[in-house]
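Listed below are the residues making up each chain.
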Amino acid sequence: MALAPPRMSGADAEAYRLAIVASSRLRTSLARHGLELPGVRGDHPSGVGEPVVELGRASATVVHALAELLDRLPLDGREGAV
């Protein structure tokens with residue numbers, strides 16, 4: 001018997017929805033470049049209600065291809081940000 005998902009407050013439900021939207025956007029963007037991270041999914045919000053996207057596992061080949069793609073993009077002034 002499957003467990004019922006926990007009930008979320010309105011703010012947490014919205015954060016979860018935003019995480020799902022963000023993960024879908026990332027999957028679509030990666031697919032345009034022939035890349036796939038199978039574990040990408042929206043996750044329940046963190047303790048402060050921030051939307052969270054689980055990136056999951058990826059092969060080293062995909063990670064190198066993603067890094068190469070990102071390295072080709074111009075920096076936008078946030079290169080020191082983490």
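Check the entry above for the structure.
Residues numbered from 1 in each chain as written. Predicted model: local features only at pLDDT ≥ 70, side-chain atom pairs only at ≥ 80, totals over all residues. Heavy atoms only, no water.

Undergrad: Describe the side chain of Ser23, naming the residues involved and giving the relevant values.
TA: Considering the arrangement of structural elements, one finds Ser23 in helix α1 (residues 10-32). Looking at Ser23, its side chain comes within polar contact range of the main-chain oxygen of Ile20, at 2.8 Å. If sequence neighbours within four positions are ignored, Ser23 has contacts with Val40, Arg41, Gly42 and Val53. (Helix = DSSP H or I, 4+ residues; strand = E, 2+ residues; numbered from the N terminus. Polar contact = N/O pair within 3.5 Å; in protein donor to acceptor, adjacent residues only side chain to side chain. Contact = heavy atoms within 4.5 Å.)

Undergrad: Could you give an account of the layout of surface pockets, naming the residues involved and the relevant values?
TA: Counted as a void, the second largest pocket has a volume near 180 Å³. For the second largest pocket, the full set of lining residues is Leu26, Leu30, Leu37, Val53, Leu55, Gly56, Ala58, Val63 and Leu66. Among the elements of the structure, α1 and α2 (60-72) are those that each provide at least two residues to the lining of the second largest pocket. Class assignment for the residues of the lining of the second largest pocket results in eight nonpolar, one polar and no charged. (1 Å grid on protein atoms, 1.4 Å probe; cavity = no way out; pocket = protein on both sides within 12 Å on 5 of 7 lines; lining within 4 Å. Points joined across faces, edges and corners; volume = space filled by probe spheres on them. Nonpolar A, V, L, I, M, F, W, Y, C, P; charged D, E, K, R; others polar.)

Undergrad: Give me the lowdown on α1, citing residues and values where you can.
TA: With 23 residues, α1 should cover 33 Å at 1.5 Å per step; its first-to-last C-alpha distance of 33 Å lies within 8% of that length. Among the residues of α1, those classed as buried are Ala15, Ala19, Ser23 and Leu30. Directly after α1, the chain includes Gly34, whose backbone phi takes a positive value near 75°. (Expected span 1.5 Å × (residues − 1). Buried < 20%, exposed > 50% of the residue type's maximum accessible area, 1.4 Å probe, protein only.)

Undergrad: With reference to specific residues and values, describe the pattern of salt bridges.
TA: Two side chains with opposite charge may pair up if their charged atoms get near one another. Under the defined criterion, the tally for this structure stands at three salt bridges. With its nearest N and O atoms 2.8 Å apart, the salt bridge here joins Arg17 to Glu14. Placement of the pair is Arg17 and Glu14 together in helix α1, with a separation of three residues, close to one helical turn. Assessed through its relative accessible area of 42%, Arg17 is described here as partly exposed. Residue Glu14 is classed as partly exposed on the basis of its relative accessible area, which comes to 36%. Of the charged contacts, one joins Asp43 and Arg41 as a salt bridge, the two residues approaching to 3.6 Å between their closest N and O atoms. (Salt bridge = Lys/Arg side-chain N within 4 Å of Asp/Glu carboxyl O.)

Undergrad: Can you lay out the environment of Leu30 for me, pointing to particular residues and giving the numbers?
TA: Mapped onto the secondary structure, Leu30 falls in helix α1. As for Leu30 and Leu66, which are separated by 36 residues in sequence, their C-alpha atoms are 8.2 Å apart. Residue contacts for Leu30: discarding those within four places in its chain leaves Leu35, Leu37 and Leu66.

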